[in-house]
Amino acid sequence: MPIILSTDLIVYFLIAMTVYFSVGVRREGTLRTAWHELKRKRLAMVSMAILAVYLGVALLDSIRYRDAVVDGNGAAVRSAQGSTVYSPQALSLLDRAFAGSRLDTEKTYSAPFAAHLYTKESVELADGTVARDYPELKHPGGHWLGTDKVGNDVFFAALKGVRTGVVIGAGTTIIIIPFAIFFGVIAGYYGGAVDDIVQYVYTTLSSIPGVLLIVAFMLLFGGSGYQGGFISEKDLAAGVFVPNDRLFWLCLILGITSWTDLCRLIRGETLKLRELEYVQASRAFGVSGLRILYRHIVPNVMHLVLITFVLQFSGLVLAEAVLSYIGIGVGPEMGSWGNMINTARLELSREPVVWWNLLAAFAFMFAIVLPANIFGDAVRDALDPRLRMR
Amino acid sequence: MLTYIIRRILYAIPIVIGVNLLTALLFFYVNTPDDMARKILGEKNVTPAAIENWKRDHGYSLPSFINGKERGAARLTQTIFFQKSVPLLWLDFGRSDRNNIDIGSEIRSRMWASLAISLPTFTLGVFLEIVFAMALAYFRGTYLDLWGVVLGVVMMSVSALFYIIGGQYLLGKELKLFPISGYDHGIYSMKFLVLPVVIGVLSSVGVGIRFYRTVFLEETGKDYIRTARAKGLSEGAVLFKHALKNAMIPILTNVVVSIPFLFYGSLLMETFFAIPGLGSFTIDAIQSQDFAIVRSMVYLGSLLYIAGLILTDISYTLVDPRVRFE
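Residues numbered from 1 in each chain as written. Chains lettered and ligands numbered in written order. Predicted model: local features only at pLDDT ≥ 70, side-chain atom pairs only at ≥ 80, totals over all residues. Heavy atoms only, no water.

Participant: Break down the overall build of chain B for me, with residues and values.
Facilitator: Regarding its fold elements, chain B presents 14 helices and zero strands. The order of helices and strands in chain B, counted from the N terminus, is α-α-α-α-α-α-α-α-α-α-α-α-α-α. If you take every contact in chain B between residues at least 6 apart in sequence, the share linking residues at least 24 apart comes to 68%. Accessible surface, chain B: about 16400 Å² in total, of which carbon and sulfur atoms supply 65%. A distance of 3 Å separates the average location of the 30 positive side-chain charges in chain B from that of its 24 negative side-chain charges. (Helix = DSSP H or I, 4+ residues; strand = E, 2+ residues; numbered from the N terminus. Contact = heavy atoms within 4.5 Å. Areas by Shrake-Rupley, 256 points an atom, 1.4 Å probe, with all protein chains shown as cover. Lys, Arg positive; Asp, Glu negative; His and termini not counted. Charge placed at Lys NZ, Arg CZ, Asp CG, Glu CD.)

Participant: Tell me about the domain arrangement of chain B, and name the residues and values.
Facilitator: Residues and elements named next belong to chain B. Here chain B is described as being made up of domain 1 (2–90) and domain 2 (103–319). For domain 1 and domain 2, the distance between their C-alpha centres works out to 35 Å. Three residues, Arg8, Phe27 and Leu88, lead the burial of domain 1 against domain 2; their summed loss comes to 32% of the area buried on that side. Measuring nitrogen to oxygen at the nearest pair gives 2.2 Å for the salt bridge that ties Arg8 to Asp313. Summed over the shared surface of domain 1 and domain 2, the number is one residue pair in polar contact (both at pLDDT 80 or more). Elements with a minimum of two residues in the side of domain 1 that touches domain 2: helix 1 (2–30), helix 2 (33–41) and helix 5 (80–85). In terms of residue count, the dominant contributor to the side of domain 1 that touches domain 2 is helix 1 (twelve residues). Residues that form the side of domain 1 that touches domain 2 fall into these classes: 14 nonpolar, four polar and three charged. (Domains from an automatic or database assignment. Buried area = accessible area lost by both parts, 1.4 Å probe. Salt bridge = Lys/Arg side-chain N within 4 Å of Asp/Glu carboxyl O. Polar contact = N/O pair within 3.5 Å; in protein donor to acceptor, adjacent residues only side chain to side chain. Nonpolar A, V, L, I, M, F, W, Y, C, P; charged D, E, K, R; others polar.)

Participant: Would you mind going over helix 7 (residues 143–156) of chain B in detail, with residue names and values included?
Facilitator: Turn by turn, an α-helix covers 3.6 residues, leaving residues three or four places apart pointing in a common direction. Counted at 1.5 Å a residue, the expected span for helix 7 of chain B with its 14 residues is 20 Å, and the 20 Å between its end C-alpha atoms agrees. Residues of helix 7 of chain B that are buried sit in contact with helix 12 (289–326) and helix 14 (356–383) of chain A together with helix 6 (103–138), helix 8 (160–174) and helix 9 (190–220) of chain B. (Expected span 1.5 Å × (residues − 1).)

Participant: Could you give an account of the pattern of salt bridges, naming the residues involved and the relevant values?
Facilitator: Summed over all chains, the structure comprises 17 salt bridges over all chains. Residues A:Lys160 and A:Asp61 are paired through a salt bridge, measuring 3.0 Å at the closest nitrogen-oxygen approach. Of this pair, A:Lys160 sits in helix 6 (residues 154–190) while A:Asp61 sits in the loop between helix 3 (42–60) and strand 2 (64–68); the two residues are 99 residues apart in sequence, bridging distant segments of the chain. Given the relative accessible area of 3%, A:Asp61 is considered buried. B:Arg226 is the salt-bridge partner of B:Asp223, the closest N and O atoms lying 2.9 Å from each other. Taken together, the positions of B:Asp223 and B:Arg226, both in helix 10 (residues 223–230) and three residues apart, correspond to about one turn of that helix. Residue B:Asp223 shares its accessibility class with B:Arg226, and that shared class is exposed. Via salt bridges that share partners, A:Asp377, A:Arg380, A:Asp381 and B:Arg210 belong to a single interconnected network. (Buried < 20%, exposed > 50% of the residue type's maximum accessible area, 1.4 Å probe, protein only.)

Participant: Tell me about the state of the cysteines, residues and numbers included.
Facilitator: As enumerated under the stated definition, the model contains zero disulfides over all chains in all. Considering cysteine sulfurs only, A:Cys263 is the nearest to A:Cys251, which forms no disulfide, with 20 Å between them. (Disulfide = S-S within 2.5 Å.)

Participant: Kindly report on helix 14 (residues 291–319) of chain B, identifying the contributing residues and their values.
Facilitator: Between its first and last C-alpha, helix 14 of chain B extends 42 Å over 29 residues, near the 42 Å set by a 1.5 Å rise per residue. The buried count for helix 14 of chain B comes to 21 of 29 residues, which makes it a mostly enclosed element.

Participant: Please provide a residue-by-residue account of a nonpolar patch on the surface, values included.
Facilitator: Side chains of B:Leu2, B:Ile6, B:Leu10, B:Ile13, B:Ile17, B:Leu21, B:Leu89 and B:Trp90 sit close together on the surface and give an oily, nonpolar patch of about 790 Å² of accessible area. Looking at the element boundaries, B:Leu89 is found in the loop between helix 5 and helix 6. (Patch = residues over 30% accessible without salt bridge, like charges linked within 9 Å, V, L, I, M, F, W, Y side chains within 5 Å.)

Participant: Please provide a residue-by-residue account of the sheet that holds strand 1 (residues 2–3) of chain A, values included.
Facilitator: Residue and element names in this part refer to chain A. Pairing is antiparallel across the open sheet formed by three strands, whose spatial order is 1-2-3. This sheet does not close on itself; its edge strands, each paired only once, are strand 1 and strand 3 (86–92). Alignment of strand 2 against strand 3, held across four bridges, turns out to be antiparallel. When the sheet's bridge partners are listed, Ala68 is paired in strand 3 with Tyr86. (Pairing = 2+ DSSP bridges.)

Participant: Which residues make up the pairing of strand 2 of chain A, and what values go with them?
Facilitator: Regular strands show a simple pattern: their side chains alternate between the two faces of the sheet. Note that strand 1 of chain A and strand 2 of chain A share two bridges and pair antiparallel. The partner of A:Ile3 across the bridge, within strand 2 of chain A, is A:Arg64.

This is the structure in structure tokens:
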């Protein structure tokens, strides 16, 4: 029984977009030239490969379904009406692939690859005497990055953060792209009162410092449990377990604060395009305004969208961690690097120091942000080097 | 010049009003006073009478935007919007929802702590960024330049939280150079300020160096630089006497806009280092769900940002006379 959340749709859309562009680069055109330039940069290609791995993990974590409940004999349990009974929890493919890491919990902290717990306990020795010693783990050597305070596998927790990071980094921009294109293009093309209104709206919105607008929005809407996607009221009433992750809200709100830059860029580009000969020519032929926008303007501002998309990605991933840390990020039951850092914030001041929680979160975050930065720069240089100054 | 400044300030007025309306819409209409009362009094076991009481005590009992019971101008003035949000226009912040403290005086006393940490961080940061950026531009195309850029990208890819937590651990706990967090007034605050300033500079310097390096490279590619070199000027003279002056325009956009915002401090640094500034004031208000404070701080932040934009435009006309004639 599949369950699709609104944030899953973002990941699917991202995959579809990647496929679309990888097909698109084979055709003639600006994309093809840009791709050829990109291909010559080894560092950008390596970064792309790493980003693809992250995207793959996010996809695995976004395909989820509920299992049928089975009884002791392995037969599916049927309800009184004869329909199959499903478990309330929808596990993703990632959860299933790493079932070992997810379920093999220890008692408390253990170091990476350790065979013993990190804290001393009273252990009964073979001869019956009791001594203070480090007890053996239930799964010695099985936790590649150790376990956290409640004994959960750190490697798995960091993996669960991948989807959150990717959804925030990509979903935010995806949600706002249509609005930014629409308003930017009509403001630039029609000018006059339309331009004034659009400019006024985005100047006003961008005058409110982003983090404060996010604070205000999260304080007001963060509590609502809407998940979007294909979960019906019936499912919820039947007890389907969906944590209030606030992820969709966070994307929307971050989007509202970040669409102004893209809108301003597109407006400026449209102002330039409007005066070009081929646009003038189609206007002289009597082509309607909307058609000109659709056929000539929008395709020619798409490179700005692509550049903004990759350049904003890394900043948004970093912002997620900070927001979760302040307490206005994704919900606490949601796996995210910000939440990992938040729960582990005091572990460096305890004795002996527990470092693997923080290090795992920071390392996973660094390993996606660095390639995203490098790849973003390369894409921008390939598509529009003039933008480097912004 | 004066008319330009006046015109620029007049342009800002509709934006300030827009921000005011937007915050009022968010805090009074989307999130009604009833919701606020319920959040503050506790979600469960709250009687309608208690909500009414709370609203009356805190001045939220009026209608949000239009009061149908009154006549004439009072239809608009006897509303929450007019009583609570319009006074923000002349910086009357009112009282907080929870402890009934005077937000305005709190802001005035706390902003000095914010300034004590953000001003040195900012000036030191900008100075270092420009120095390193000029050095990279001087050695452009060499391995030094390449590795400088790589280091910049790596530094900007590391989360700010890492710098803070790592810095506190390494410099505060292990090497015991500075106290880990805390604040004191006057000259005694010095020892508490060093660590946050060092960490603040470290966490922002990567982005800055990269940006200013591009600025300088852009500038050194221009014709007048070629002329200066052809005259036989040394590369240093070209960079300092010619490129730096012209690079001031993009540098100013980047720098001046954030100057008013220094009063606001940093949300993250102040909570980590227990600095009693405006940033931690906001965070505390978020955690205790004090909407009056959050609303005031959102409005104040926007005001400072708009002030920054106006200052940027004015400083433009000072460094670039061409702008004045547009």
